[in-house]
Amino acid sequence: MTNKRILVLCTGNSCRSQMAEGFLRQMDGVEAFSAGTEPAERINSHAIEAMREVGIDISRQQPEHVSKYLTQEFDIVLTVCDSAKETCPVFIGKVGQRIHHSFEDPAGQSIEKFREVRDQIAEYVKTLI
């Protein structure tokens, strides 16, 4: 059985897409990646903390530009914010499905908002596989 390759996209690749990648990496049979259309310098510290609370360490992940992945093949390209959906580039590599599910941006908000969004993402990614 081949692994499902999933790329999660958002604008900054500092919160939502990083959390989704973290959850997907915990699943058997999944190769997960995340990127941004305008990547931030680093992952938001609240995202790292919120994920650590559920036993997932995303502190070593780094925001990356989507251009790194344009020629690769993916079973699913998932956009998790409306801006990324609107500015998502054309992939040269084969993409099985493009899926969009927008989550509220927790950046600049309290850790409680990060926990809320984290839990929404956790529930949603279970439905992808």
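Section: the nonpolar core
Logical step 1: Judged by nonpolar contacts, the single largest core of 31 residues is most densely connected at Val8, Met19, Phe23, Leu24, Ile58, Leu78 and Ile121.
Logical step 2: Going through the elements one at a time, strand 1 (4-10), helix 1 (16-25), strand 2 (30-36), helix 2 (45-52), strand 3 (74-79) and helix 4 (111-128) are the ones with two or more residues in this core.
Logical step 3: Take this core: its biggest share by element is eight residues, from helix 4.
Logical step 4: Excluding residues within four positions of it along the chain, Leu24 makes contact with Ile6, Val8, Val30, Ala32, Val125 and Leu128.

Description of the state of the cysteines
Logical step 1: Taken as a whole and assessed by the stated rule, the structure comprises zero disulfides.
Logical step 2: Cysteine Cys15 shares no disulfide, and the gap to the nearest cysteine sulfur, in Cys10, comes to 7.3 Å.
Logical step 3: On the basis of relative accessible area, Cys15 is assigned to the buried category, the value being 3%.

Quick word on helix 1
Logical step 1: Of all the ten residues making up helix 1, nine are buried; the element is thus mostly covered by neighbouring parts of the structure.
Logical step 2: Along helix 1, the positions that sit buried rather than exposed are Arg16, Ser17, Gln18, Met19, Ala20, Glu21, Gly22, Phe23 and Leu24.
Logical step 3: On its buried face, helix 1 is in contact with strand 1, strand 2, helix 2 and helix 4.

A word on unusual backbone geometry
Logical step 1: With phi around 55 degrees, Asn13 is a residue other than glycine that occupies positive phi space.
Logical step 2: Of note, Asn13 is situated in the loop between strand 1 and helix 1.

Brief notes about the packing of helix 1 against helix 4
Logical step 1: For the pair helix 1 and helix 4, interaxial distance at closest approach is 9 Å and the crossing angle is 50 degrees. By the criterion of interaxial angle, the relationship of helix 1 to helix 4 is oblique. With respect to the hand of their crossing, helix 1 and helix 4 are arranged in right-handed fashion. Judged by residue contacts, Arg16, Met19, Ala20, Phe23 and Leu24 of helix 1 engage Phe114, Val117, Arg118, Ile121, Ala122, Val125 and Leu128 from helix 4.
Logical step 2: For the contact of helix 1 with helix 4, the residue count by class is ten nonpolar, no polar and two charged.

The rules behind each value
- Residues numbered from 1 in each chain as written.
- Predicted model: local features only at pLDDT ≥ 70, side-chain atom pairs only at ≥ 80, totals over all residues.
- Heavy atoms only, no water.
- Core = buried A, V, L, I, M, F, W, Y, C linked by side-chain atoms within 4.5 Å.
- Buried < 20%, exposed > 50% of the residue type's maximum accessible area, 1.4 Å probe, protein only.
- Helix = DSSP H or I, 4+ residues; strand = E, 2+ residues; numbered from the N terminus.
- Contact = heavy atoms within 4.5 Å.
- Disulfide = S-S within 2.5 Å.
- Axes fitted to C-alpha atoms, helices over the stretch in contact; angles between N-to-C directions.
- Parallel < 35°, antiparallel > 145°, perpendicular 65-115°, else oblique.
- Left-handed = near helix turned anticlockwise from the far one by under 90°.
- Nonpolar A, V, L, I, M, F, W, Y, C, P; charged D, E, K, R; others polar.

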